[in-house]
Amino acid sequence: MSAQPSDAPPLSRSVKVFYGLGAMANAIKQRGLSTFLMIFYNQVVGLPPDKVAAVLMIALIFDALVDPLIGQISDNFRSPWGRRHPFMIAAALPVSVAFFLLWNPPQGWSENALFIYMIACVLTIRLFDTFFELPHQALAPELAQDYHQRTSLISMRMLFAVVGGLGMTLMAYQVFLKENPDGTGGVLARDGYFSYSLAAGLLIFAVILISSFGTSSRIPY
C-alpha cells in the first residue's frame, strides 16, 4: 500500500456511521446468548442445566485460547484488502448461519446429540464473532489519527451496540416471543425462536457487510 496514514482525508460522517453500525452484530449475539440461551435449551429443548452451563464454560475457555490467536494473525496479516477487512467479511455468513442454527436444533435427538450440536453452534458463533469483533475494534485507532476522532468513533460504536442489543431484545419480547392473551407464545414457545433467530441472523449478516464495505475506502491508509 503506497498511501500513508498522514495522507488520509478526514473521516466522513458516513464512514463513522458505517464503522459504528458494526457493533450491532456482537451486541445482538451477546444479548441473545445471555438472555435466552439457558431458557431455550433447558426449558424449551429439555437439555439439563448442567449441560447448558458446561457448553458456556467450554465457550469461555475456547475464547481465551482463540481470541489472542486471531488478534495476532490479524495484526500481522497483509493483503490488498488490508489486515482487518478480510477477516471481517469472512465472518458474516458463518456467524449468521450458526446463530440461526443454534435456535433451531433438530427435534427428537438424544441429550448427548443435542449437547454436541449446541457446542458446535456456540463455538462456531464464538470463532467467527471473534473474526469480526477483534479486527473491528482494532480498526478504530487505524481509522482515526487523533484523540477526538477516536472518541467520536468509539461513541458511535457504543451507540449502535446499545441500540442493536436492546432493540433486538425488545423485538424478541414484543414481537417474536410475545405472550398472547390466551397464554400461548412467550419465551417457552419454540416456534417463536425461528422468527427471532432468522431476523437476528439476517441483521447480523447485513450489519457486518455494511460496516465492512462501508469502511473499505480507508483501506489504502
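Residues numbered from 1 in each chain as written. Predicted model: local features only at pLDDT ≥ 70, side-chain atom pairs only at ≥ 80, totals over all residues. Heavy atoms only, no water.

A. Here's a closer look at the overall build of the protein. Assigned secondary structure in the protein consists of seven helices and zero strands. Ordering the α and β elements of the protein from the N terminus gives α-α-α-α-α-α-α. Taken against the 2.2 N^0.38 rule, which gives 17 Å for 221 residues, the C-alpha radius of gyration of the protein at 19 Å falls within 12% of a compact globule. Summarising its shape, the C-alpha atoms of the protein cover approximately 60 × 35 × 25 Å along the three principal directions. Within the protein, the fraction of its 221 residues that count as buried is 43%. For the protein, the proportion of contacts with a sequence separation of at least 24, taken over those separated by at least 6, is 79%. (Helix = DSSP H or I, 4+ residues; strand = E, 2+ residues; numbered from the N terminus. Rg over C-alpha atoms; globule rule 2.2 N^0.38 Å. Buried < 20%, exposed > 50% of the residue type's maximum accessible area, 1.4 Å probe, protein only. Contact = heavy atoms within 4.5 Å.)

B. Summary view of helix α4 (residues 85-102). A rise of 1.5 Å per residue sets the reference length of α4, with its 18 residues, at 26 Å; its end C-alpha atoms lie 26 Å apart and thus fit the reference within 8%. The axis of α4 is deflected most strongly, by about 35°, at A91, and proline P94 appears within four residues downstream. Within α4, burial applies to H85, F87, M88, A91, A92, V95, S96, A98, F99 and L102. Buried positions along α4 lie against α2 (23-44), α3 (49-76), α5 (111-143) and α7 (190-214). (Expected span 1.5 Å × (residues − 1). Bend = angle between axes of the 7 residues up to and from the residue.)

C. Representation of a nonpolar patch on the surface within the structure. Among the surface-exposed residues, M57, I58, I61 and L65 lie close enough to one another that they form a single nonpolar patch of about 390 Å² accessible area. Looking at where L65 falls in the secondary structure, it is placed in helix α3. We classify L65 as exposed; its relative accessible area is 63%. (Patch = residues over 30% accessible without salt bridge, like charges linked within 9 Å, V, L, I, M, F, W, Y side chains within 5 Å. Areas by Shrake-Rupley, 256 points an atom, 1.4 Å probe, with all protein chains shown as cover. Salt bridge = Lys/Arg side-chain N within 4 Å of Asp/Glu carboxyl O.)

D. Layout of the packing of aromatic side chains. Under the defined criterion, the tally for this structure stands at 16 aromatic pairs. For the ring pair F36 and Y196, a centre distance of 5.6 Å and an interplane angle of 70° mean the geometry is edge-to-face. Taken together, the positions of F36 in helix α2 and Y196 in helix α7 put the pair 160 residues apart, joining distant regions of the chain. The exposure class of F36 is buried, given its relative accessible area of 0%. (Phe/Tyr/Trp six-rings, centres within 6.5 Å; stacked < 30°, edge-to-face > 60°.)

E. Representation of the pattern of salt bridges. Taken as a whole and assessed by the stated rule, the structure comprises seven salt bridges. With its nearest N and O atoms 2.7 Å apart, the salt bridge here joins R83 to E142. Taken together, the positions of R83 in the loop between α3 and α4 and E142 in helix α5 put the pair 59 residues apart, joining distant regions of the chain. Look at R83 and you get partly exposed, because its relative accessible area is 28%. A salt bridge links E133 to R157, with the shortest nitrogen-to-oxygen separation between them at 2.1 Å. You can see E133 sitting in helix α5 and its partner R157 sitting in helix α6 (residues 147-176), a full 24 residues away along the chain. Sharing partners across several salt bridges, the network here consists of D75, R83, R84 and E142.

F. Region of interest: the packing of helix α1 (residues 13-21) against α7. Running from amino to carboxyl end, α1 crosses α7 at an angle of 145°, the nearest separation of the two axes being 8 Å. As α1 runs across α7, the sense of the crossing is left-handed. Residues V15, F18, Y19 and L21 of α1 form the contact with α7, whose own contacting residues are V207, I210, S211 and G214. Of the residues belonging to the contact of α1 with α7, the class tally is six nonpolar, two polar and no charged. (Axes fitted to C-alpha atoms, helices over the stretch in contact; angles between N-to-C directions. Left-handed = near helix turned anticlockwise from the far one by under 90°. Nonpolar A, V, L, I, M, F, W, Y, C, P; charged D, E, K, R; others polar.)

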